[in-house]
Amino acid sequence: MSRHFLCHTNDIHELTTREFALPLEENGSPISVILVRYEDQLYCYKNHCPHLGVPLNWQPDDFLSIERTHIQCATHGALFNPSDGYCISGPCRDDHLIAYPIECDENDKIWVIMQ
Ligand code: FES
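Cut-offs applied
- Residues numbered from 1 in each chain as written.
- Predicted model: local features only at pLDDT ≥ 70, side-chain atom pairs only at ≥ 80, totals over all residues.
- Pairing = 2+ DSSP bridges.
- Helix = DSSP H or I, 4+ residues; strand = E, 2+ residues; numbered from the N terminus.
- Buried ≥ 20, exposed ≤ 12 C-beta atoms within 10 Å, placed from the backbone.

Asker: An account of the sheet that holds strand 5 (residues 71–72) is requested, with residue identities and associated values reported.
Answerer: If you trace the three strands from one edge of the open sheet to the other, you get 5-6-7, paired in antiparallel fashion. With partners counted over all chains shown, the strands left at the sheet margins are strand 5 and strand 7 (87–89), one partner each. Strand direction decides the pairing type here: strand 6 (residues 79–80) and strand 7, joined by two bridges, are antiparallel. Bridge pairing links Leu-79 to Ser-89 in strand 7.

Listed below in structure tokens is the structure:
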């Protein structure tokens, strides 16, 4: 198990997302994760669409639908609940994003926990 610093709690605002490349590799590529703040809760997911296994975004740190209600895959438009990663619409409907646990420490630092 390893723990990786992402950012401070005041570096991510309500209904925004950020992307982080971890110092870990999978199949020769760094693992990229998404941090989202939704209804004042923080969630972390792998930046990996369950449909084709590609990154979810086209633009850096830009993962939300226009309405900012869901995480959206830029390739075919699948929509995922920010709170549980469940896909409600699109070619991978009923599938899930891969979620990672996070911790906030006493210094307001956010860490992702990798198994
Ligand atoms: S690659 Fe994400 S919906 Fe197709």
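Asker: Explain the environment of His-13 residue by residue, including any values.
Answerer: Mapped onto the elements of the fold, His-13 is located in the loop between strand 1 (2–8) and strand 2 (16–26). A C-alpha to C-alpha distance of 22 Å links His-13 and His-48, two positions 35 residues apart in sequence.

Asker: I'd like a rundown of unusual backbone geometry, residues and numbers included.
Answerer: Not every positive phi belongs to a glycine, and Asp-40 is a case in point at roughly 60°. For Asp-40, the location among the structural elements is in the loop between strand 3 (29–38) and strand 4 (41–46). You can call Asp-40 exposed: it has 6 C-beta atoms within 10 Å. Unusually for a residue other than glycine, Asp-108 sits at a positive phi of about 65°. Here Asp-108 shows up in the loop between strand 9 (102–104) and strand 10 (109–114).

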